[in-house]
Amino acid sequence: AQRVTQPEKLLSVFKGAPVELKCNYSYSGSPELFWYVQYSRQRLQLLLRHISRESIKGFTADLNKGETSFHLKKPFAQEEDSAMYYCALDSGAGSYQLTFGKGTKLSVIP
Amino acid sequence: DVKVTQSSRYLVKRTGEKVFLECVQDMDHENMFWYRQDPGLGLRLIYFSYDVKMKEKGDIPEGYSVSREKKERFSLILESASTNQTSMYLCASSGWAVAYNEQFFGPGTRLTVL
């Protein structure tokens, strides 16, 4: 069975400090991984996906198959980054389901 | 612009009532999902549907049922609401033609069962 673990429920950082939101997964195949974000009073939305190797709002995430991790990073946190972040896994092979982690609430202190 | 709408933002019901939560998407997506979102528990899948009249149980289907009579509409039904079903309910949709299986979410319905 696939599983996504986000070890931190809450992460507080100061504005301008680096941010790393951790995500580990358990899946034997070749997964596709995503980060979703929910800002206050907004709907949950896709932030980025590993396969496109993109940087969105200064965030990047690298898939490390050896460590089964997909940590989300940003070198300098901004106040507007404060939100709830969810890591999600798609097992691929035609699956249409996502397995979500429990989420990490990021709070950027001004 | 992609749009998933949910019938209510806030709903208050009494224990034992039958509750209907409606979700509509205008993107011609094949797949639709119902999640509940609880602090510390993340998103948990209740039911999903990959076609009209088709449904599959998710991780926590007990106490819920669903209906998908039309492609654009997916309803979540609480047959007899209980206080432990007080939660935020999120609907989502995705389509085969959408890159990378991205799911698009509705704004959520916060249900309180008294």
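Residues numbered from 1 in each chain as written. Chains lettered and ligands numbered in written order. Predicted model: local features only at pLDDT ≥ 70, side-chain atom pairs only at ≥ 80, totals over all residues. Heavy atoms only, no water.

1. Considerations on the state of the cysteines
Going by this rule: Defined by distance alone, a disulfide is two cysteine sulfur atoms within 2.5 Å. Working definition: helices are DSSP H or I runs of at least four residues, strands are E runs of at least two. Numbering for both runs from the N terminus. Exposure classes here rest on a 1.4 Å probe applied to the protein chains alone. A residue is buried below 20% of its type maximum, exposed above 50%, and partly exposed in between.
Scanning the entire structure with this criterion turns up two disulfides over all chains. For Cys23 of chain A, the disulfide goes to Cys87 of chain A, at an S-S distance of 2.0 Å. An S-S torsion of about -65° defines the bridge between Cys23 of chain A and Cys87 of chain A as left-handed. You can see Cys23 of chain A sitting in the loop between strand E3 (19-21) and strand E4 (24-26) and its partner Cys87 of chain A sitting in strand E9 (residues 83-90), a full 64 residues away along the chain. Covalent S-S linkage joins Cys23 of chain B and Cys91 of chain B, the inter-sulfur distance amounting to 1.9 Å. Sign of the S-S torsion, about -75° for the bond between Cys23 of chain B and Cys91 of chain B, identifies this disulfide as left-handed. Residue Cys23 of chain B is found in strand E3 (residues 19-25), and its partner Cys91 of chain B is found in strand E9 (residues 87-94); the two are separated by 68 residues along the sequence. Each member of the pair, Cys23 of chain B as well as Cys91 of chain B, is classed as buried.

2. Considering the pairing of strand E7 (residues 64-70) of chain B
Residues and elements named next belong to chain B. Stated formally: Think of it this way: DSSP has to see at least two bridges between two strands before they count as a pair.
Where E7 and strand E8 (residues 73-78) come together, five bridges link them in antiparallel fashion. Bridging across to E8, Ser67 finds its partner in Ser75. Counted along the chain from E7 to the antiparallel partner E8, the turn is two residues long.

3. Examining the pattern of salt bridges
Filter applied, for reference: Salt bridge, as used here, is a side-chain nitrogen of Lys or Arg placed within 4 Å of a carboxyl oxygen of Asp or Glu.
On inspection of all chains with the given rule, the structure shows eleven salt bridges over all chains. For Glu22 of chain B, the salt bridge identified is with Arg73 of chain B, shortest N-O distance 3.8 Å. Here the residue Glu22 of chain B occupies a position in strand E3, and Arg73 of chain B occupies one in strand E8, the gap between them amounting to 51 residues. When its relative accessible area of 38% is taken as the criterion, Arg73 of chain B is described as partly exposed. A salt bridge links Asp38 of chain B to Arg36 of chain B, with the nearest nitrogen and oxygen atoms 2.8 Å apart. For the residue pair Asp38 of chain B and Arg36 of chain B, the accessibility class agrees, reading buried in each case. Salt bridges here are not isolated pairs; linked through shared partners, they connect Glu20, Lys22 and Lys73 of chain A.

Read these as spatial facts, not as claims about activity.
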